[in-house]
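Remarks on the overall topology
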Amino acid sequence: MAKLIGIVGMPGTGKTTLMREWMAKREWTPDTPIQLLDSYHSDNIRLFGKYAEGETFAGTDKLSMAVMPVAIEYMKNPTHDVNIFEGDRLTSVNFFSQCKDMGHDVSIVVLQVSDEVREQRYKDRGSEQSETFIQGRRTKINNIMEEFGEKPLTGEDSLFTTFLHESPEDTKVIIRHLEQLIA
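For the structure given in this document, a descriptive report is provided here. (Residues numbered from 1 in each chain as written. Predicted model: local features only at pLDDT ≥ 70, side-chain atom pairs only at ≥ 80, totals over all residues. Heavy atoms only, no water.)

This part takes up the pattern of salt bridges. Counting across every chain of the model gives nine salt bridges. When the shortest N-O distance is used, the salt bridge between Arg-137 and Asp-88 registers 3.1 Å. Of this pair, Arg-137 sits in helix α5 (residues 131–148) while Asp-88 sits in the loop between β5 (82–86) and α3 (93–101), and the two are 49 residues apart along the sequence. The exposure class of Asp-88 is buried, given its relative accessible area of 15%. For Arg-118, the salt bridge identified is with Asp-115, shortest N-O distance 3.0 Å. Of the two residues, Arg-118 and Asp-115 are both situated in helix α4 (residues 115–125); the distance of three residues between them amounts to about one turn of the helix. Its relative accessible area of 7% is what places Arg-118 among the buried residues. (Salt bridge = Lys/Arg side-chain N within 4 Å of Asp/Glu carboxyl O. Helix = DSSP H or I, 4+ residues; strand = E, 2+ residues; numbered from the N terminus. Buried < 20%, exposed > 50% of the residue type's maximum accessible area, 1.4 Å probe, protein only.)

Given below as structure tokens:
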């Protein structure tokens, strides 16, 4: 089956910055395999989302709120060996669970930053997200980590890896990890 790699984290953890740097290492062709599921492909990799130049927010955050059932349908018969995304629209226990149940190799990369770095990034990009919105994203990420975390009683491995993403060096480390997941 295919690999699914989700880059997840609170707003301001550098998901889009990470993906833009990772994308710069390949040639990408934009396409939409199914209506609403904008993506890019490069060789055997499909990247879900939109990445317009100059846009602060990108990835799956730029896709329709109705994209999840479309992405689940696509993952029933994916056209690429590796499928990767970052952003909120596909970040859910439901999406990861369904892909895992289909037999896909699911990996979740959780990005974290200190509150100070996150607040500075919000300020730098002019974010005006409410505390309610932020708390909702925090809950979503925590639910994913609880669902797919360490499984000592069942013997299963955790599906996620957590990285601190505060510096360019952190970005390089995370990109090396992504390349290992893709290989």
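Past the structure itself, the notes keep going.
Within the secondary structure layout, Ser-114 lies in the loop between β6 (105–112) and α4. You can call Ser-114 partly exposed: its relative accessible area is 23%. Spatially, the C-alpha atom of Ser-114 lies 8.3 Å from that of Leu-164, the residues being 50 residues apart in sequence. Among all residues touching Ser-114, those that are not within four sequence positions of it are Leu-164 and Glu-166. (Contact = heavy atoms within 4.5 Å.)

In terms of burial, β6 is a largely internal element, six of the eight residues being buried. Pairing of β6 with strand β7 (residues 160–164), which is carried by five bridges, proceeds in the parallel orientation. Of the residues in β7, the one forming a bridge with Ile-108 is Phe-160. (Pairing = 2+ DSSP bridges.)

Turning our attention to the nonpolar core. Residues Leu-4, Phe-48, Leu-90, Phe-95, Phe-96 and Ile-108 are the most contacted members of the largest nonpolar core, which totals 25 residues. Put simply, the parts of the chain that give this core at least two residues each are β1 (3–9), α2 (67–75), α3, β6 and α5. The next biggest cluster of nonpolar side chains, apart from the first, holds 22 residues, and it includes Tyr-51, Ile-84, Ile-174 and Leu-178. (Core = buried A, V, L, I, M, F, W, Y, C linked by side-chain atoms within 4.5 Å.)

Before going further, it helps to spend a moment on α3. All of the buried residues along α3 are Phe-95, Phe-96, Ser-97 and Cys-99. Structurally, α3 contributes buried residues whose contacts are with β1, α2, β5, β6 and α5. Among the residues trailing α3, Gly-103 stands out with phi positive, at a value near 100°.

Given a rise of 1.5 Å per residue, 18 residues ought to cover 26 Å, and the 26 Å separating the end C-alpha atoms of α5 matches this to within 8%. Of all the positions in α5, only Ile-134, Arg-137, Ile-141, Ile-144 and Phe-148 are classed as buried. For α5, the angular spread of buried residues about the axis comes to 90°, placing them on one side. Those residues of α5 that are exposed and aimed more than 90 degrees away from the buried face are Glu-131, Thr-132 and Glu-146. Where the residues of α5 are buried, they touch β1, α3, β6, α4 and β7. (Expected span 1.5 Å × (residues − 1). Arc of directions from axis to C-beta.)

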